[in-house]
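# Secondary and tertiary structure notes
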Amino acid sequence: KLDSLFGSAYSNLGAVLYNLKRYDESLQILETSISLDKKNSYSIYYKGLNFNALKKYNEAIQLFDEALILKPDYGDALFQKSFSLGEIGEYAKAKVIVTSYIAINPESASAYQNRAVYNDQLKFYDESIADFTKLISLQPSIPNGYLGRASVYCKMNLKALAQADEKKAINLGGTISN
C-alpha cells in the first residue's frame, strides 16, 4: 500500500518534470514510480510521452501498449500511440488506432486532424476531406482545417475549392506554404 502511495507521488512528479520539458529527469523519476508500482498506467503513459518528446517513437509505442494492457479504456494512450505510429510512417495502423480514439472521444479536433493527415498519406482523399470538414465544424475559427483540406483539394485537382479554403484560412490568420 505504501509503495503504491509513493509510486503515485513519483508519478505526479514525473508528469510535472515532463511538462517542464525536463525529459531525462522525468524518465528517472517515472522509473522509480514504476519500480514501486508496476501497475501504474499513468507512469507508464508519461514515460511514453517522454519518449515521444525525445522522438523515440518505437519505445513510446511499447509503453502505450503496456498502459493499454493495464487500462484498456485509456484514451490518451490510444491517441498518443496513433501519433507515434504516424511519426514512423505507419499511417494505416495509426488510422485504425485514432479511429478507436474517435469512437470514445467524438469531439476531439486533434484526432480528426491526425486522421485526415493519415488518410492523405494513404491517398484516401475523400476520407481526408471528410475528416478535415469535421475538424472545421469543431474549430471553424482555426485555419488548420481549411489549410489541410485545401492541400487535399489540390491533390484532387479541385483548384476552385482549394482556393476558397486557402482564402478562408488566410482570413483567419493562416499562412500558405508551398
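Just above, that's the structure.
All values derive from a computational prediction rather than experimental measurement. (Residues numbered from 1 in each chain as written. Predicted model: local features only at pLDDT ≥ 70, side-chain atom pairs only at ≥ 80, totals over all residues. Heavy atoms only, no water.)

The next subject is the packing of helix H3 (residues 41-53) against helix H5 (residues 75-87). It is the contact of H3 with H5, at a shortest axis distance of 11 Å, that shows an interaxial angle of 25 degrees. When the interaxial angle is binned, H3 and H5 end up roughly parallel. By crossing handedness, the relation of H3 to H5 is classed as left-handed. Only Asp-76, Ala-77, Gln-80, Phe-83 and Ser-84 of H5 make contact with H3, whose side of the interface consists of Tyr-45, Leu-49 and Asn-52. For the contact of H3 with H5, a count of residues per class yields 4 nonpolar, 3 polar and 1 charged. (Axes fitted to C-alpha atoms, helices over the stretch in contact; angles between N-to-C directions. Helix = DSSP H or I, 4+ residues; strand = E, 2+ residues; numbered from the N terminus. Parallel < 35°, antiparallel > 145°, perpendicular 65-115°, else oblique. Left-handed = near helix turned anticlockwise from the far one by under 90°. Contact = heavy atoms within 4.5 Å. Nonpolar A, V, L, I, M, F, W, Y, C, P; charged D, E, K, R; others polar.)

This paragraph deals with the packing of aromatic side chains. Overall, the coordinates contain 9 aromatic pairs when judged by the stated rule. A centroid spacing of 5.8 Å and a plane angle of 50 degrees characterise the contact between Tyr-45 and Phe-64, whose relative ring orientation is tilted. One end of the pair, Tyr-45, is in helix H3; the other, Phe-64, is in helix H4 (residues 57-70), and 19 residues separate them in sequence. Pairing Tyr-45 with Tyr-74 gives two aromatic rings, centres 5.0 Å apart and planes at 35 degrees, and the pair type is tilted. Of this pair, Tyr-45 sits in helix H3 while Tyr-74 sits in the loop between H4 and H5, placing them 29 residues apart in sequence. (Phe/Tyr/Trp six-rings, centres within 6.5 Å; stacked < 30°, edge-to-face > 60°.)

Along the polypeptide, Tyr-101 turns up in helix H6 (residues 91-104). Counting along the chain gives 57 residues from Tyr-101 to Leu-158, while the straight-line C-alpha distance between them is 31 Å.

This paragraph deals with a nonpolar patch on the surface. The grouping of Phe-6, Tyr-10, Leu-13, Val-16 and Leu-20 at the surface amounts to a nonpolar patch, some 450 Å² of accessible area in total. The residue Phe-6 is located in helix H1 (residues 2-19) in this model. (Patch = residues over 30% accessible without salt bridge, like charges linked within 9 Å, V, L, I, M, F, W, Y side chains within 5 Å. Areas by Shrake-Rupley, 256 points an atom, 1.4 Å probe, with all protein chains shown as cover. Salt bridge = Lys/Arg side-chain N within 4 Å of Asp/Glu carboxyl O.)

The next point concerns the pattern of salt bridges. Across all of its chains, the model carries 8 salt bridges by this definition. A salt bridge links Lys-81 to Asp-65; the shortest N-O distance between them is 2.6 Å. Placement of the pair is Lys-81 in helix H5 and Asp-65 in helix H4, with a sequence separation of 16 residues. The partly exposed category is assigned to Asp-65, whose relative accessible area is 29%. In this structure, the salt-bridge partner of Lys-93 is Glu-90, at a minimum N-O distance of 4.0 Å. What makes Glu-90 partly exposed here is its relative accessible area of 33%. (Buried < 20%, exposed > 50% of the residue type's maximum accessible area, 1.4 Å probe, protein only.)

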